[in-house]
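# Working through the structure, step by step
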Amino acid sequence: MHDLFILAIITPLIVLVPYVSRLVKMPVAVLEIVFGALGVYFGLFTPNPSFGMMAEVGFLFLMFLCGMEVDLYMFRQMNRALLKKILCYFGILYALSSTITLSAKLSALYIIALPIVSLGMIMTLVRDYGKELPWLDLVLKVGVLGELTSIILLVVVDGIYLHGLGLELYKTLGILLLFLGAIVALMQIFNILFWWFPGLKSFIMPTTDQANQDIRFAIMLFFSLIGLVAWLKLEMVLGAFLAGTIVATFFPHKHELFDKLNDIGFGFFVPLFFIHVGSTLDLKLVLDNPKLIYHACLVVCAMLGLHLVASFTLFRTHFANLRNTLTFALSASMPLTFLVTTASVGLRVGAINQNTYYSFLLAAIFEGVLFTTLIKALMHTQKKA
C-alpha cells in the first residue's frame, strides 16, 4: 500500500513537470531531478526499495531508447577520416582527463566521469532541433561511441573495485569480451537469415499489427538481454542498450515503434528515474555545505574545458563557423544520465564518497540548465544572422 501511495504522489509531479518546464524554460529531466529533491525535502514522500527498483527499470528503458537511436550500419557508411577524428576526439578527452585526475590526486573514477559523452540529453536536443543540423548530426555519432565506451568502462570499474586487480577481474573482462563477441556473431547470423528470408522481419514485426506485436517483441528482447547480462554479472545497462541497438539495426522499417516506446518511456518510466535521482540528493546537506556546490562547478568547468579543447582541435574546420563548433562542444558536455549513473556506480562500489556523489549530481543539473540555455541562445543568434 505504501508503494502505491508513493506513486500517487509522484505521478502528479510527472504531469506537472512539462508545464513548469515551459514556464521557466528549463529541461524536463533537470526539473524532474529538482522535483524529486524537493519532494523528499518537504516530506511529500520517502524513497523505498520498491521505488528504487521502478526507477532502475526507468533508467534501463532510457538506455534502451538510446540504443534504438544506434544503427550499427551507420559506422560502415561513415567517412573513415571522420571516424578517425572522432576516435582522436576521445583520445584527447581521456588523455586530458587522466592528466587532471592524476595531477590533482583525485579518485580514478574522474578519469571516466570527466570525458563522458551520453545520448540522454543529446536525444532531447534531437527532439528540439532535428538531426539535420551538422553539429547535432556529429554529436549524435560521437554520443553513440561515447555511450558504448562509458558502458564498457563502467563494467571495468565495477570489476576493479569489487574484485581488485586479480583473477576475478580478468574473469569478468573475459566474460564481457565473450558476450560482446557472441552478440556480434549472432547479429551476423541473423543478418544472413534476414537476407535469405526477407519476409521474416515482417513476420516478427508485422507492418499492420492489431496486437502490438512489435512492442511485445521489443520488450521481450529488452528484458531477455537485461536478464542475460545480470546472470553473467555484468552491468544491466549493457543489455538494455544492446537490445535497443538490435531493434534499430534489424527493424528500421518500424519507424512508429520508436515513437510508441518513446511515448511510454518519457511519459512515465524515465521521469520515475529522474525523480528518484533527485530524491537521493539531500538538499539540507547541500545548503549547509557550500563546498559541494563549489566542487560541482569545478566538475562542470573541467568537463566543458575538455570538450572545448578537443572540439576546437579536431572539428574547427569541419563546421562552417565557430558557432557550430561551440554548440557541438556544449551539447557533448552535458551527459546528465550517464554522469548520474557513473556517480551511482562509484558510490556503490566505494570509488567515491557521499559528498562527491552529491557534487556529480549537482554538476549534472548545472550542465543541463546552463548548456541547454546557451545552445538555445546560440541557435537564436544563428536564426537572426
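Residues numbered from 1 in each chain as written. Predicted model: local features only at pLDDT ≥ 70, side-chain atom pairs only at ≥ 80, totals over all residues. Heavy atoms only, no water.

### Focus: the packing of aromatic side chains
Tallying each qualifying case throughout the model produces 18 aromatic pairs. When the ring of Phe59 is compared with that of Phe273, the centres are 4.9 Å apart and the planes differ by 40°; the resulting orientation is tilted. Here Phe59 is found in helix 3 (residues 49-67), whereas its partner Phe273 is found in helix 13 (residues 255-279), with 214 residues between them in sequence. Residue Phe59 shares its accessibility class with Phe273, and that shared class is buried. A centroid spacing of 5.2 Å and a plane angle of 70° characterise the contact between Phe315 and Phe328, whose relative ring orientation is edge-to-face. Pair noted here: Phe315 is in the loop between helix 15 (290-314) and helix 16 (322-332) and Phe328 is in helix 16, with a separation of 13 residues, a long-range link. Of the two residues, Phe315 and Phe328, neither departs from the other in class, the shared state being buried. Here a set of aromatic residues connected by ring pairs shows up, and it is made of Phe61, Phe64, Phe222, Phe223, Phe268 and Phe269. (Phe/Tyr/Trp six-rings, centres within 6.5 Å; stacked < 30°, edge-to-face > 60°. Helix = DSSP H or I, 4+ residues; strand = E, 2+ residues; numbered from the N terminus. Buried < 20%, exposed > 50% of the residue type's maximum accessible area, 1.4 Å probe, protein only.)

### Examining unusual backbone geometry
Unusually for a residue other than glycine, Lys105 sits at a positive phi of about 55°. Mapped onto the elements of the fold, Lys105 is located in the loop between helix 5 (80-103) and helix 6 (109-113). Since its relative accessible area comes to 76%, Lys105 is described here as exposed.

### Re a nonpolar patch on the surface
A surface patch of nonpolar side chains, about 530 Å² in accessible area, is lined by Leu38, Tyr41, Phe42, Leu44 and Leu287. Secondary-structure assignment places Tyr41 in helix 2 (residues 28-41). On the basis of relative accessibility, which here comes to 42%, the residue Tyr41 falls in the partly exposed class. (Patch = residues over 30% accessible without salt bridge, like charges linked within 9 Å, V, L, I, M, F, W, Y side chains within 5 Å. Areas by Shrake-Rupley, 256 points an atom, 1.4 Å probe, with all protein chains shown as cover. Salt bridge = Lys/Arg side-chain N within 4 Å of Asp/Glu carboxyl O.)

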